[in-house]
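Structural overview for review
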Amino acid sequence: MSKDVEARCVRLNAKAADVASLAPVIERRTLSRRDNEVLIQIKAAAVNPSDVKAATGLMAYAVFPRTPGRDYAGVVIDGPEGTVGREVFGSSGDLGIRRDGTHATHLAVETGAVVEKPKTISWEEAAGIGVPFVTAMEGFRRSGIPKAGETVLIMGVNGKVGQAATQIATWHGARVIGVVRKNEAYEGHANARIEVIDASATDVAVRVRELTDGKGASMVFNTVGDPYFQAAHKSLAVRGRQILIAAVNPVVQFNILEFYRGQHTYVGIDTLALSSVATGDVLRELAPGFASGHLKPFAINSTAIYPLEDAGRAYLAVAGSSRDRVILRP
């Protein structure tokens, strides 16, 4: 017999007109698990840009009222035999968007969705892995895991997905060239030296050709979208792949002749389409990297950790493009 718990949950009762008018409230709700689920006491949950976009109506399929939140880390307090007491973390495409999510004291989620938390990683760090690492890994799963000898060009290398992609590519032995929009060094962890191109001062495609003996990049991970679309296209090697995860303006000029003459492949990634269980499968592929230290969670700044009661401020911080990984701690 599964047990009921009284959870404190952040609730968005209606779509907000804009970020400034977001008005999350805390409500008490009774949660219990189904037979195929575990009940988790949440120790930490991350706030992602998609949480804020869904709250302001930018995702038509987001339901109201609901508890937001896609990423989490916590302890299993009820579940099938052998699961109670496990320290786990996870993420999801549907949690917090199409169904109640992780910005709460407790969460019921499918048993297959949870992944063992490495002992060396804190609750807050584990909660911060989710969406950025899943997005990066799913891009590589769909386009081909980078190999030694390949060059991966990462547009927006200092964003969280850019940093995750850099870690994964260098873990697998690929060379990474990063692109930034102003003069700055690479800020994240890597398993090799990262060359950085300042797009405000350099022609990206020309510089990529110089750095690759004229060949170009085997793969471009474009985390920004259309602002870098042309530069990404011009940087691709023959049979190069471009991964796209975002757009500012959805329509771009597309040179079909150059596309097929270059034998290119474009891969679109939308992690919101992944179920909790499918997301868990992606995280399980990453787990050995975290265990070995080749992958490192994002450093969590203590000033970017908020209690549930301050969820509104946490959402504003993310909407304001905070470079910190913003965490809620129930």
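Predicted model, so just to flag it, every value in this text is computed and none were measured. Every chain is numbered on its own, with residues counted from 1 as its sequence reads. Local features in this predicted model are restricted to residues whose pLDDT is 70 or higher, and side-chain atom pairs enter the listing and the counts only when it is 80 or higher, whereas totals over whole chains, interfaces and linings include all residues. Only heavy atoms go into the side-chain values, all of them from the structure, while hydrogens and water stay out.

**Observations concerning the overall build of the chain**
We count a stretch as a helix when DSSP gives it H or I for four or more residues in a row; a strand needs E for two or more, and each element gets its number in order from the N terminus. Across its full length, the chain holds 9 helices and 15 strands. Only the C-alpha atoms count toward the radius of gyration. The rule for a globule is 2.2 Å times the residue count to the power 0.38. Relative to a compact globule of 330 residues, whose C-alpha radius of gyration would be 20 Å, the chain shows 20 Å and is just as compact. Taking the principal axes of the C-alpha coordinates as reference, the chain spans close to 65 × 45 × 35 Å. Burial classification: accessible surface area is computed with a 1.4 Å probe over protein chains only, and a residue below 20% of its type maximum counts as buried, one above 50% as exposed, and the rest as partly exposed. When the 330 residues of the chain are sorted by exposure, 52% land in the buried category. Contacts are assigned to residue pairs that have any heavy atoms within 4.5 Å of one another. Partitioning the intrachain contacts of the chain with sequence separation of at least 6 by distance along the chain shows that 69% fall at a separation of at least 24.

**Observations concerning the sheet that holds strand 9 (residues 175-180)**
As a general point, the strands of a sheet are linked pairwise by backbone hydrogen bonds and lie either parallel or antiparallel. Spatial strand order, 10-9-8-11-12-13: 6 strands in an open sheet with parallel pairing. Lying at the two open borders of the sheet, with one neighbouring strand each, are strand 10 (195-198) and strand 13 (265-268). Within the sheet, the average angular offset between the axes of one strand and its neighbour, ignoring direction, is 20 degrees. Sheet topology places strand 9 next to strand 10; 4 bridges connect them, and they run parallel. Its bridge partner lying in strand 10, Gly-178 is registered against Val-196. Angles shown run from 0 to 180 degrees and are taken between the N-to-C directions of axes, each axis being a line fitted to C-alpha atoms and, for helices, limited to the stretch in contact. Lying over the sheet, helix 3 (residues 130-143) contacts strand 8 (151-155), strand 11 (217-222), strand 12 (236-244) and strand 13, oriented at roughly 145 degrees with respect to strand 11. When DSSP locates at least two bridges between a pair of strands, those strands are taken to pair.

**A word on the pairing of strand 4 (residues 72-78)**
Burial of strand 4 is extensive: 6 of the 7 residues sit out of reach of the surface. Taken together, the 4 bridges between strand 4 and strand 5 (residues 87-90) define a ladder with antiparallel strand orientation. Residue pairing in the sheet places Val-75 in a bridge with Glu-87 of strand 5.

**A few points about the pattern of salt bridges**
Salt bridges, as used here, are contacts in which a Lys or Arg side-chain nitrogen is within 4 Å of a carboxyl oxygen on Asp or Glu. Here the structure, examined in full by the defined rule, presents 25 salt bridges. Between Glu-27 and Arg-11 there is a salt bridge, with the nearest N and O atoms lying 3.7 Å from each other. Of this pair, Glu-27 sits in strand 2 (residues 25-31) while Arg-11 sits in strand 1 (residues 5-11), and the two are 16 residues apart along the sequence. Residue Glu-27 is classed as partly exposed on the basis of its relative accessible area, which comes to 26%. Judged by relative accessible area, Arg-11 falls into the buried class, the value being 4%.

**Overview of the environment of Leu-12**
Structurally, Leu-12 is set in the loop between strand 1 and strand 2. As for Leu-12 and Pro-65, which are separated by 53 residues in sequence, their C-alpha atoms are 5.5 Å apart. Ignoring anything within four residues of it in the chain, the contact list for Leu-12 reads Leu-22, Pro-24, Ala-55, Phe-64, Pro-65, Arg-66, Pro-68 and Tyr-315.

**Structural notes on the layout of surface pockets**
A 1.4 Å probe that fits into a set of points on a 1 Å grid over the protein atoms alone but cannot get out defines a cavity; an open set with protein on both sides within 12 Å along at least five of seven lines defines a pocket, and lining residues are those with an atom within 4 Å of a point. Grid points are joined across faces, edges and corners, and a volume is the space filled by probe spheres set on the points. If you add up the space inside the largest pocket, you get close to 1,600 Å³. Contributing to the lining of the largest pocket are 44 residues, with Pro-49, Lys-53, Val-161, Thr-223 and Ala-246 lying nearest its centre. Residue assignment for the lining of the largest pocket shows that the elements contributing at least two residues are helix 1 (49-55), helix 3, helix 4 (160-171), strand 9 and helix 9 (311-319). If you tally residues by element for the lining of the largest pocket, the top one is helix 1, at 4 residues. Residues are grouped as follows: Ala, Val, Leu, Ile, Met, Phe, Trp, Tyr, Cys and Pro are nonpolar; Asp, Glu, Lys and Arg are charged; all remaining types, including Gly, are polar. Looking at the lining of the largest pocket, its residues break down into 23 nonpolar, 11 polar and 10 charged. By volume, the second largest pocket is sized at about 240 Å³. Taken together, 14 residues line the second largest pocket, and the ones lying closest to its centre are Leu-31, Arg-99, Asp-100, Leu-107 and Ala-108. Those elements giving two or more residues to the lining of the second largest pocket turn out to be strand 2 and strand 6 (106-110).

**Notes on the side chain of Asn-158**
Within the secondary structure layout, Asn-158 lies in the loop between strand 8 and helix 4. N or O atoms closer than or at 3.5 Å make up a polar contact, with two conditions inside protein: a donor-capable atom paired with an acceptor-capable one, and, for residues adjacent in sequence, both atoms drawn from side chains. Of note is the side chain of Asn-158, whose polar atom sits 3.0 Å from the backbone oxygen of Ala-185. If we skip the residues at most four places from it in the chain, Asn-158 touches Gln-163, Val-180, Glu-184, Ala-185, Tyr-186, Glu-187, Gly-188 and Arg-323.

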